[in-house]
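What follows is each chain in one-letter form.
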Amino acid sequence: MADCTSVAPGLEGEENLIAAAQHIVKALGSNKNLTDDVRKILVDLGTQLSTISRADESKDVGVNEIEYRLNAAQDKVMIWEADQCMVWDSGPEEVAEYLKAVEEVRKLTEILESLSLNKDSEVDELLRRAYDVLQTAMARLEEEFRHLLFQNRQPFEPEHMSFRSNDEDAVDEGSIISIEDDPVDESLQGDSISRSSEDYVIHLVHPDVIPDLKSIANLMLSSNYDHECSQAYISVRKDALDECLAILEMEKLSIEDVLRMEWAGLNSKIRRWVRAIKIFVRAYLASEKWLSDQVFGEVGSVSSVCFVEASRSSIFQLLNFGEAVVIGPHKPEKLMRILDMYEVLAELLPEIDAIYQGEMGFSVRTECREVLGGLGDCVRATFLEFENAIASNASTNPFAGGGIHPLTRYVMNYIKILTDYSNIINYLFKDHDKADPGPLPSTSPVTEEDNKSGRSACGSPMGLHFRALISILECNLEEKSKLYRDVALQHLFLMNNIHYMAEKVKNSELRVVFGDEWIRKHNWKFQQHAMNYERASWSSILYLLRDEGIQNSNSSSPSKTVLKDRLRSFNVALEELYKSQTTWLIPDSQLRDELQISTSLKVVQAYRTFVGRHNTHISDKHIKYSPDDLQNFLLDLFDGSPKSLPNPHRR
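Everything numeric in this text was worked out from a predicted model, so none of it was measured.

About the cut-offs
- Residues numbered from 1 in each chain as written.
- Predicted model: local features only at pLDDT ≥ 70, side-chain atom pairs only at ≥ 80, totals over all residues.
- Heavy atoms only, no water.
- Helix = DSSP H or I, 4+ residues; strand = E, 2+ residues; numbered from the N terminus.
- Buried < 20%, exposed > 50% of the residue type's maximum accessible area, 1.4 Å probe, protein only.
- Contact = heavy atoms within 4.5 Å.
- Areas by Shrake-Rupley, 256 points an atom, 1.4 Å probe, with all protein chains shown as cover.
- Salt bridge = Lys/Arg side-chain N within 4 Å of Asp/Glu carboxyl O.
- Arc of directions from axis to C-beta.
- Axes fitted to C-alpha atoms, helices over the stretch in contact; angles between N-to-C directions.
- Parallel < 35°, antiparallel > 145°, perpendicular 65-115°, else oblique.
- Left-handed = near helix turned anticlockwise from the far one by under 90°.
- Nonpolar A, V, L, I, M, F, W, Y, C, P; charged D, E, K, R; others polar.
- Polar contact = N/O pair within 3.5 Å; in protein donor to acceptor, adjacent residues only side chain to side chain.
- pLDDT = per-residue confidence, 0-100.
- Patch = residues over 30% accessible without salt bridge, like charges linked within 9 Å, V, L, I, M, F, W, Y side chains within 5 Å.
- Expected span 1.5 Å × (residues − 1).

Chemist: Is there a simple way to explain the overall build of the chain in this structure?
Modeler: Each helix and strand in the chain was counted, giving 22 helices and zero strands. For the chain, the proportion of its 651 residues judged to be buried stands at 46%. When contacts within the chain are restricted to residue pairs at least 6 apart in sequence, those whose partners lie at least 24 apart make up 80%. Accessible area for the chain stands at about 32300 Å²; split by element, carbon and sulfur atoms hold 51% of it.

The structure is reproduced here in structure tokens:
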């Protein structure tokens, strides 16, 4: 008797030791930072400890007792097989009793498995019964699991998210190829992706049922029905993820579907994609990962497997759209949208890496980087195509009135919008041959302080490409100016367009990109064209007001005949110039005023001096216009509406 009492504490101590070891292994296994090798070692150790525990337990349990306990548990399980109701709809007491019965069957199955090593036919028969009951119970638990997941889904309401999306179109829908007929709206604005949005974790399943889902999952996985449990979870959650994309208006499109789209439709789809992927990753996927961790968090890598398998097709659907956009033609009007796509995906990449950790998430992380790289390549190719489109934009007819050409407006507004993406463009054009040039820098715009501090945007990749682009535009405008027969109109056209470019740069974010030296140079250029216009337009007319050649050959007094011919020729030339140059256009009112004043100072003064010096030799009837008339006429020029000189009031 004394021997018996001395053994009991030893057995109890051994059981406690095994239990403590199992607890430690379980705690270590919950660490998410473990490598796959360490996790496998812990799983094997846990299995060995469970085997030892079952072997010790089976020593104290007789076959008759096992059969009695199995019968009781079987009765409880089979009662529910005859009932069409769901266990979890019948109240917490019924749930607790059912789970207790299934847990009993699981434990008895483990005990019988250890006893069956002795080749006992009675034990084998009980083991077969236990397997059947356990399988029945697992099928019921799988059904209950699906039911709880499905019936307790929470509504997803993306309209309550604060991820801002600009619903107004940001770029002109037309192509640069048709720019002759479709001037660009100067109020273009690019989408601004919110960079301060908080991460959201929302309840995708009602939080009250999370403990129930966790209980079912733990029981099924400990019964080696992890595949059935995982597949049930994956199936329900995959449908929920597909429904989420439908709510976000992201339909399933093949690459061929995307390639066949007209730009207006594709533009709308891209805008929707930019908003959808941000909400999907930051709110929905983050919440989906949290849910799988809550349900499976204590059971090895099952949580990661279920999350990745449930979400893989949905995230790939979004990424496949990005890939299709990249494959499509590199039209200039797509550039801002592609930059939006690149910006949001680059911004989300660290979060995607965090959500899709480990070996299971490798394919998603890889695909994200491939799509991001493709978008970067597409940005560079599209910008190059933009340069080519500007260079090849040919005109067969001169632009009416010599005003600001639509191509000039389009290009300047286009690159002005691109300054919103300055850091991305600099990143993509700097060392773009490298496979990974490093993390994307801050997306805050370049500031004037950066320019003054020596971090000048003028020498940045974007600055270099923009200046090259404008040089291409200037060459194209030079060619277009040659379509005008009138040399004066050629210079007026170039003056207008270069002035517009200089003002656009000076009064926008482009000033930081181009620099003050560029602005000074182009101010000088348009002023030179203004001087050349005056010379080409008025030199021949002013030549008529010279004093040379008006004297009589035998007298120092001026010849009245020559004076009359000079004034007649002056009037004819003035009327022809007035008729043509009132149709010419200087859209900028300040530039128009300055050129009118400059011309007036030269022409009116010369006319006033000529008429005043020779008025004693010319009768009033030969002086058709007064200097004041002439000054008023000059104010009518460059208005873009054809006029003829009115008959002057005779004095």
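Okay, back to it.
Chemist: Is there a simple way to think about the pattern of salt bridges in this case?
Modeler: For side chains of opposite charge, pairing can occur when their charged atoms come near one another. In the structure shown here, the tally under the stated rule is 32 salt bridges. Of the charged contacts, one joins arginine 106 and glutamate 103 as a salt bridge, the two residues approaching to 2.6 Å between their closest N and O atoms. A residue pair is termed a helical-turn pair when its members lie 3 or 4 positions apart in one helix, as arginine 106 and glutamate 103 do in helix α4 (residues 92-115) at three residues. The class for arginine 106 is buried, based on a relative accessible area of 12%. Here aspartate 340 ties to arginine 337 by a salt bridge, and the two come within 2.8 Å at their closest N and O atoms. Taken together, the positions of aspartate 340 and arginine 337, both in helix α11 (residues 335-355) and three residues apart, correspond to about one turn of that helix. For the pair aspartate 340 and arginine 337, a shared accessibility class is recorded, and that class is buried.

Chemist: Explanation requested: helix α22 (residues 627-634) in the structure shown.
Modeler: The α-helix winds at 3.6 residues per turn, so residues separated by three or four positions along the chain end up facing the same way. Looking at α22, one finds that the buried residues are Pro627, Leu630, Phe633 and Leu634. For α22, the angular spread of buried residues about the axis comes to 120°, placing them on one side. Close packing links the buried residues of α22 with α19 (516-543), α20 (560-581) and α21 (589-613).

Chemist: For this particular structure, what's the right way to read the packing of helix α10 (residues 302-327) against α11?
Modeler: Relative placement of two packed helices is described by the angle separating their axes and the distance separating the axes. Where α10 contacts α11, the axes come no closer than 12 Å and their chain directions differ by 160°. Judged by the inter-axis angle, α10 sits roughly antiparallel to α11. Here the hand of the crossing between α10 and α11 comes out left-handed. Of the residues in α11, those touching α10 at Phe307, Leu319, Phe321, Gly322 and Val325 are Ile338, Met341, Leu345 and Ile355.

Chemist: Which parts of the structure should I look at to understand the packing of α4 against helix α6 (residues 210-222)?
Modeler: Running from N to C, α4 and α6 point in directions that differ by 15°, and their axes come no closer than 10 Å. In terms of their interaxial angle, α4 and α6 are classed as roughly parallel. Like other packed secondary-structure pairs, α4 and α6 cross with a definite hand, here left-handed. When α4 is examined against α6, the residues Leu99, Val102, Glu103, Arg106 and Glu110 are found in contact with a partner set consisting of Ser215, Leu219 and Ser222. By residue class, the composition of the contact of α4 with α6 is three nonpolar, two polar and three charged.

Chemist: Can you help me understand the side chain of glutamine 581 in this one?
Modeler: Within the fold, glutamine 581 resides in helix α20. Side chain to side chain, glutamine 581 and tyrosine 533 meet in a polar contact 2.4 Å long.

Chemist: Which parts of the structure should I look at to understand the side chain of threonine 408?
Modeler: Relative to the helices and strands, threonine 408 resides in helix α13 (residues 406-418). The exposure class of threonine 408 is buried, given its relative accessible area of 0%. At 2.6 Å, the side chain of threonine 408 and the side chain of asparagine 497 are in polar contact. The contact partners of threonine 408, leaving out residues within four places of it in the chain, are Leu473, Leu477, Asn497, Tyr500 and Met501.

Chemist: How should the confidence of the model for the chain be read in this particular structure?
Modeler: When pLDDT drops low, the exact placement of atoms in the prediction is not to be read closely. The pLDDT averaged across the chain works out to 82; a share of 78% of its residues lies at or above 70. Averaged pLDDT values over the elements of the chain bottom out at 46 in helix α15 (residues 448-452) and peak at 96 in helix α17 (residues 487-506). In the model, residues 163-198 has pLDDT below 50 throughout and makes 93 contacts with residues more than four positions away in sequence or in other chains. Residue range residues 433-438 is modelled with pLDDT below 50. Its contacts to residues more than four positions away, or to other chains, number five contacts.

Chemist: When you look at a nonpolar patch on the surface in this model, what are you seeing that I'm missing?
Modeler: A grouping of Ile255, Leu259 and Ile327 is seen on the molecular surface, where their side chains present a nonpolar patch of about 230 Å² in accessible area. Along the chain, isoleucine 327 turns up in helix α10.

Chemist: Got a minute to help me understand helix α7 (residues 226-247) in this structure?
Modeler: Here α7 is 22 residues long and its end C-alpha atoms lie 31 Å apart, about the 32 Å a rise of 1.5 Å per residue gives. Residues of α7 that are buried include every one of Cys229, Ser230, Ala232, Tyr233, Ile234, Val236, Arg237, Ala240, Leu241, Cys244 and Leu245, and no others. Of the surrounding secondary structure, the elements contacted by the buried residues of α7 are α5 (121-151), α6, α9 (263-296) and α10. Immediately beyond the C-terminal end of α7, within one or two residues, lies glutamate 249, with a positive phi of roughly 65°.

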